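For reference, the chains in residue letters:
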Amino acid sequence: MANYIERVIEQVKAKNPGEVEFHQTVEEVLTSLAPVIEQHPEYEKMGLLERLTEPERGISFRVVWVDDNGNVQVNKGYRYEFNSAIGPYKGGLRFAPNVYPGIIKFLGFEQIFKNSLTGLPIGGGKGGSDFDPNGKSDAEVMRFCQAFMTELYRHIGPHTDVPAGDLGVGGREIGYLFGQYKRITNRFDGGVLTGKGIPYGGCLGRTEATGFGIVWYAEEMLKANGEEMKGKTVAISGFGNVSWGTAWKLQQLGAKLVTISGPDGYIYDPDGINTDEKLNMMLELRASGKNVCAPYAERFPNAKFVPGKKPWEVKADLYIPCATQNEVHMEDAKAIVESGAKFYCEGSNMPTTNEALAYLQDNGIIVGPAKAANAGGVACSCIEMGQNAGHTVFQHQDVYDQLHQIMINIHKACKEASEKYYGKYDLVKGANIAGFEKVAEAMMAQGLV
Ligand code: 2IT
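Reading guide: rules and limits
- Residues numbered from 1 in each chain as written.
- Predicted model: local features only at pLDDT ≥ 70, side-chain atom pairs only at ≥ 80, totals over all residues.
- Heavy atoms only, no water.
- Near = heavy atom within 4 Å.
- Polar contact = N/O pair within 3.5 Å; in protein donor to acceptor, adjacent residues only side chain to side chain.
- Areas by Shrake-Rupley, 256 points an atom, 1.4 Å probe, with all protein chains shown as cover.
- Helix = DSSP H or I, 4+ residues; strand = E, 2+ residues; numbered from the N terminus.
- Expected span 1.5 Å × (residues − 1).
- Buried < 20%, exposed > 50% of the residue type's maximum accessible area, 1.4 Å probe, protein only.
- Contact = heavy atoms within 4.5 Å.
- Arc of directions from axis to C-beta.
- Pairing = 2+ DSSP bridges.
- Axes fitted to C-alpha atoms, helices over the stretch in contact; angles between N-to-C directions.

### Details of the site of the ligand
Here is step 1 of the chain: Every one of the 14 residues lining the ligand counts as a neighbour, but Lys90, Lys114, Asp166, Arg206 and Ser381 are closest to it.
Here is step 2 of the chain: Between a nitrogen atom of the ligand and a main-chain N or O atom of Gly165, the distance comes to 3.0 Å.
Here is step 3 of the chain: At 2.9 Å, a side-chain N or O of Asp166 approaches a nitrogen atom of the ligand.
Here is step 4 of the chain: Coverage of the ligand by the protein amounts to 94% of the 290 Å² it exposes when considered alone.
Here is step 5 of the chain: Secondary structure elements with two or more residues in the shell around the ligand: strand S3 (89-95), helix H6 (101-117), strand S5 (161-165) and helix H16 (375-389).

### Here's the deal with helix H8 (residues 171-185)
Here is step 1 of the chain: With 15 residues, H8 extends 21 Å between its outermost C-alpha atoms, agreeing within 8% with the 21 Å of an ideal straight helix rising 1.5 Å per residue.
Here is step 2 of the chain: Taken as a whole, H8 has its buried residues at Glu173, Ile174, Gly175, Leu177, Phe178, Gln180 and Tyr181.
Here is step 3 of the chain: The elements touched by buried residues of H8 are S3, helix H7 (138-152) and S5.

### With respect to helix H13 (residues 330-338)
Here is step 1 of the chain: Residues Asp332, Ala333 and Ile336 constitute the buried set of H13. Summarising the axial view, the buried residues of H13 lie within an arc of 100 degrees, below the 170-degree limit, and thus occupy one face. Exposed residues lying more than 90 degrees from the buried face of H13 are Glu331 and Glu338.
Here is step 2 of the chain: Where H13 is buried, its residues meet strand S10 (318-320), strand S11 (343-345) and helix H14 (354-362).
Here is step 3 of the chain: Phi turns positive, to about 85 degrees, at Gly340, one or two residues after H13.

### Re the sheet that holds strand S9 (residues 304-307)
Here is step 1 of the chain: The seven strands are arranged S9-S8-S7-S6-S10-S11-S12 in an open sheet whose pairing can be described as mixed. Among the strands making up the open sheet, the edge pair consists of S9 and strand S12 (366-368). Put simply, the sheet's adjacent strands are angled 15 degrees from each other on average, direction ignored.
Here is step 2 of the chain: Note that strand S6 (residues 233-236) and S10 share three bridges and pair parallel. Looking at S10, one finds that Ala235 is bridged to Tyr319.
Here is step 3 of the chain: Against the sheet, helix H10 (residues 241-252) contacts S6, strand S7 (256-262) and S10, and its axis sits at roughly 175 degrees relative to S6.

In structure tokens:
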């Protein structure tokens with residue numbers, strides 16, 4: 001069986017040359033599945049892993065728009081519809097200059113397992129563009145989004161594929177995308193996009209859902225190991241939506257958050273990033289469109305800005321990377337182990353290199369994997385789809401209560417799957433297995449498609 005897994009990993013590498021992020025996640029996930037594949041020889045006969053690692057559909061398209069100076073701009077647009085065994089494709093759109101198929105495929109592949117872990121009926125997909133929203137005017141962002149949707153609308157729908165935001169795509173972009181979808185199709189299909197504004201079908205709590213979910217998941221990790229969130233010193237990276245929601249929930253649970261970061265460096269705030277003014281400062285940083293965190297230290301003089309560095313050198317009890325993929329390398333993992341920390345919970349998608357992840361776990365750090373810990377975002381998106389399908393509005397507290405329970409359930413599913421197949425508490429392996437089992441069963445039931 002190990003041979004089967006190795007063979008598929010090699011095939012994926014050969015079929016998707018140079019797409020290193022996709023190779024990385026396929027290797028990490030499939031390797032964890034060994035004991036399950038062992039028990040199900042029929043999976044090999046039915047080419048299950050070959051099918052799982054090949055997107056059902058991949059669309060690549062040209063996006064043409066005109067910038068404020070009247071120059072024609074051409075970007076690449078993508079949507080990889082990865083797996084619809086348990087529900088319509090669901091996953092975000094990422095707008096960032098480094099976007100290429102290897103990034104969209106890694107995100108889309110991860111999304112299959114994440115969405116399955118939520119316990120809700122959503123398949124996996126991901127899309128985006130190499131468009132960089134930073135430094136663009138509002139009008140440019142609108143024209144880009146309209147051009148992007150002018151192709152994408154043919155491929156999506158409330159029962160087909162439901163995109164949302166990811167890096168570079170927030171409420172503003174979703175608004176423009178939705179407006180254009182509605183204009184072209186003449187349909188108010190609320191459930192075609194999630195992360196919408198509250199007045200037009202958005203779900204209360206979606207903005208903070210990913211961050212809240214991460215902290216609730218981390219809280220379960222702590223509890224399972226006899227500890228509590230209150231009083232913990234926490235270091236996170238990023239200052240965007242996910243970091244902001246994470247900071248807010250950490251504040252509510254009485255933890256002390258001491259770092260945030262940007263591409264320019266990191267902020268160390270010894271007083272804690274724990275007042276409304278400080279949380280609002282994170283929103284201001286994002287709204288500035290400059291993609292820097294340094295201005296935080298100008299506003300709060302006790303805080304220190306450390307240019308060009310990542311926050312992993314700061315001593316903490318719990319680390320939560322919330323910025324982007326592969327932001328924690330081997331040297332960072334060593335610093336985290338040396339700090340004496342016990343907990344590490346991934347917030348952003350695949351923030352840890354496979355090598356750094358193994359090092360953290362081998363040195364006794366308890367790791368929460370992103371596909372489980374950050375699943376609260378997409379879970380809330382699915383709640384939004386339900387709200388839209390039922391032509392209703394859910395109350396804020398109802399959404400929080402559902403989301404909190406979902407995060408508790410996901411932690412439990414990861415814990416139980418790892419105990420069943422590996423005889424130990426390993427949330428990384430458990431998340432892969434628990435996410436896989438339901439999708440595999442559905443794929444087997446649906447025959448060779
Ligand atoms: O990575 C993710 O789960 C997201 N960017 C959110 C996806 C969604 O459909 O809400």
